[in-house]
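# Secondary and tertiary structure notes
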Amino acid sequence: QVQLVESGGGLVQAGGSLRLSCAIFGRNIVSINAMGWYRQAPGKQRELVAGITSGGGTNYADSVKGRFTISRDNAKKTMYLQMNSLKPEDTAVYYCNADVWVAISGVSNYWGQGTQVTVSS
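Residues numbered from 1 in each chain as written. Predicted model: local features only at pLDDT ≥ 70, side-chain atom pairs only at ≥ 80, totals over all residues. Heavy atoms only, no water.

In total, this model carries four salt bridges according to the counting rule given. Here E47 makes a salt bridge to R39, at a shortest N to O gap of 2.7 Å. Relative accessible area serves as the criterion here: at 35%, E47 is assigned to the partly exposed category. With a shortest N-O distance of 3.1 Å, D62 and K65 are connected by a salt bridge. Note on D62: relative accessible area 64%, which makes it exposed. Each of R39, E47, R67 and D90 takes part in one network of salt bridges that share partners. (Salt bridge = Lys/Arg side-chain N within 4 Å of Asp/Glu carboxyl O. Buried < 20%, exposed > 50% of the residue type's maximum accessible area, 1.4 Å probe, protein only.)

A separate point is the nonpolar core. Ranked by size, the top nonpolar core spans 31 residues in total, and within it I24, W37, L81, M83 and Y94 carry the most contacts. Those elements that place two or more of their residues in this core are β3 (18–25), β4 (29–40), β5 (47–52), β7 (68–73), β8 (78–83), β9 (92–102) and β11 (115–120). The dominant element in this core, judged by the number of residues it contributes, is β9, at six residues. (Core = buried A, V, L, I, M, F, W, Y, C linked by side-chain atoms within 4.5 Å. Helix = DSSP H or I, 4+ residues; strand = E, 2+ residues; numbered from the N terminus.)

With that settled, the discussion passes to the pairing of β5. Strand direction decides the pairing type here: β4 and β5, joined by five bridges, are antiparallel. By the bridge assignment for β5, G36 is matched with G51. Remark: six residues form the turn of the hairpin made by β4 and β5, two consecutive strands paired antiparallel; G43 in that turn has positive phi of roughly 80°. Where β5 and strand β6 (residues 58–60) come together, three bridges link them in antiparallel fashion. The residue of β6 that forms the bridge with I52 is T58. Between β5 and β6, which pair antiparallel one after the other, the connecting turn spans five residues, and G56 there sits at a positive phi close to 100°. (Pairing = 2+ DSSP bridges.)

Where two aromatic rings form a pair, the distance of their centres and the angle of their planes describe that pair. Counted by the stated rule, this structure contains two aromatic pairs. Ring geometry for Y38 against W111: centres 4.9 Å apart, planes inclined by 65°, an arrangement best described as edge-to-face. Note that Y38 is positioned in strand β4 and W111 in strand β10 (residues 106–111), a separation of 73 residues in sequence. Note on W111: relative accessible area 38%, which makes it partly exposed. Consider the rings of Y95 and W111, whose centres lie 6.4 Å apart with planes at 85°: the pair is edge-to-face. One end of the pair, Y95, is in strand β9; the other, W111, is in strand β10, with 16 residues separating them in the sequence. Of the residues examined, Y95 reaches a relative accessible area of 14% and is grouped as buried. Linked through ring pairs, Y38, Y95 and W111 together constitute an aromatic cluster. Here R46 stacks its cationic end above the ring of Y95, 3.7 Å away from the centre of that ring. Between R46 and the ring centre of W111, over which it is positioned, the NZ or CZ distance is 4.6 Å. (Phe/Tyr/Trp six-rings, centres within 6.5 Å; stacked < 30°, edge-to-face > 60°. Lys NZ or Arg CZ within 6 Å of the ring centre and 35° of its normal.)

Structure (C-alpha cells):
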C-alpha cells in the first residue's frame, strides 16, 4: 500500500513563506512518475498548483508563477513546494498527488491527506 504524507502547512502572514513536503511511503515501489500539488479553498473546486515530471519538468498555475517553486528528491521519494510572497487568496488545503509504479500492481494515482495553509492579511 502506498501512502503520501504532507507536512509543513500552517498559519503565516501575507508576504511570508512556507515550505510543504510530501513523502511517499510504500513497499515494492518501482518508480514515482508525475507528481503535483493541488489546493482546495472553501467552496471552490480543487485546482492544480504545480506539477513536476519524473525528469524534473515543471508547470505552474498562473496565479503562483514567480512565487512558488516545486521540486523533488527522487532518492528520498519526497516532493516539495516552496511558497514565497504568500497572499490571503493562497489559503486552502494543499494536497499532494503522484503516479506511483508498484511492482506487480502497475501504475496508480495516489493522494495525500492534505495540509492546511492559512495566510492572514
